[in-house]
Amino acid sequence: MSKSQNRYNGIDPYVVSQVRYHSRQMLRHHTMAGMEIEDIEQELMLDYLSRIQAFDPEKSCRNTFIDRILRHKCAAMIKAAKAEKRNNGFQATSLDSWLEDGEREDVPESMDIWGGKITPQTDLVIDVTDAIQALPEAARFYCAMLMQDLPIRTLCKIHNRHPSTVYETMGRIRRDFGARDLQKYLH
C-alpha cells in the first residue's frame, strides 16, 4: 500500500488524519481494487469541504460530524463501485435500429433486444424459474425447503413435516420437471 502524496495545507490536522484513515480502510475493500489512495482522499476531502457548512454545534460534536460525513461518503463510494461491477458489460441497444427495416444485422446473435447477453445458463435459470413457478404453492414450499441442501430428516424436523410427505412431493416435483425436460438438473 503506497503512501499518499496529497498535501492539505491549511486544513485541520484532525480532518486530514481522518480522511487518510478512511482512505486506507477503503483501499482494503474488494470493490476499491485498482483505485489510488490519492483519488479516494480527494473524494472524501471534497465531500467534507462541501458539507462542513451544515455543521450545527447544538446537534453534535464536530468530530462526530466529521466522522459521519466521511463514513457516509465511504458507504456511497462502495455502493457506487458495487453497482458499476454489477453492470457486467451491459450494452443498451436501440429498438429502432432494427425494427425500422425488420433486419437484425446490427444486433449480435448473442444479445437479446434489451442488450443483455443470452447464455445457456440464462436460459436454464429462466426455465427452472418457470418450472418452479408452475408448481402448486405447497410444492414450491417443499422445493424451497429442498434447495437449502440439508438432509431431508433435518428439514422435516425444522419444518415439522413427515418424511413421507416430503418424499411424495419430491416425486411430484420430479415428474413436473421431467415433463419440462429438466430432470437432469435434479439430484
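Everything below is about the structure shown above.
Criteria and cut-off values
Residues numbered from 1 in each chain as written. Predicted model: local features only at pLDDT ≥ 70, side-chain atom pairs only at ≥ 80, totals over all residues. Heavy atoms only, no water. Phe/Tyr/Trp six-rings, centres within 6.5 Å; stacked < 30°, edge-to-face > 60°. Helix = DSSP H or I, 4+ residues; strand = E, 2+ residues; numbered from the N terminus. Buried < 20%, exposed > 50% of the residue type's maximum accessible area, 1.4 Å probe, protein only. Contact = heavy atoms within 4.5 Å. Core = buried A, V, L, I, M, F, W, Y, C linked by side-chain atoms within 4.5 Å. Salt bridge = Lys/Arg side-chain N within 4 Å of Asp/Glu carboxyl O. Axes fitted to C-alpha atoms, helices over the stretch in contact; angles between N-to-C directions. Parallel < 35°, antiparallel > 145°, perpendicular 65-115°, else oblique.

**Examining the packing of aromatic side chains**
All told, the structure shown has one aromatic pair when counted by the stated rule. Ring geometry for Phe-55 against Phe-65: centres 5.4 Å apart, planes inclined by 50 degrees, an arrangement best described as tilted. Separated by 10 residues along the polypeptide, Phe-55 in the loop between helix H2 (37–51) and helix H3 (62–86) and Phe-65 in helix H3 bring together distant segments of the chain. Look at Phe-55 and you get partly exposed, because its relative accessible area is 21%.

**Quick notes on the side chain of His-22**
Mapping His-22 onto the fold places it in helix H1 (residues 13–27). Residue His-22 is classed as buried on the basis of its relative accessible area of 5%. Apart from residues no more than four positions distant in its own chain, His-22 is found in contact with Leu-44, Asp-67, Leu-70, Arg-71 and Cys-74.

**Remarks on the nonpolar core**
Note on soluble globular proteins: their nonpolar side chains tend to be buried together. Membership of the largest hydrophobic core comes to 19 residues, with the highest contact counts inside it found for Met-26, Leu-44, Met-45 and Tyr-48. Broken down by secondary-structure element, the contributors of at least two residues to this core are H1, H2 and H3. Tallying contributions element by element places H3 first for this core, with eight residues.

**Topic: the pattern of salt bridges**
For the structure shown, the criterion picks out seven salt bridges. Among the ionic pairs, Arg-62 bridges to Asp-12, the shortest N-O distance being 2.9 Å. Placement of Arg-62 in helix H3 and of Asp-12 in the segment before H1 is noted, with a sequence separation of 50 residues between them. Its salt-bridge partner being Arg-20, residue Glu-41 comes within 3.5 Å of it at the nearest N-O pair.

**Topic: the packing of helix H6 (residues 137–146) against helix H8 (residues 163–179)**
Contact pair H6 / H8: the axes reach a minimum separation of 10 Å and the direction vectors enclose 100 degrees. Accordingly, the angle class assigned to the pair H6 and H8 is roughly perpendicular. In this structure, H6 contributes Ala-139, Tyr-142, Cys-143, Met-145 and Leu-146 to the contact, and H8 contributes Thr-165, Val-166, Thr-169, Met-170 and Ile-173.

**Some details on the side chain of Glu-41**
Structurally, the position occupied by Glu-41 is in helix H2. Not counting residues up to four positions away in its chain, the partners in contact with Glu-41 are Ser-4, Asn-6, Tyr-8, Val-19, Arg-20 and Ser-23.

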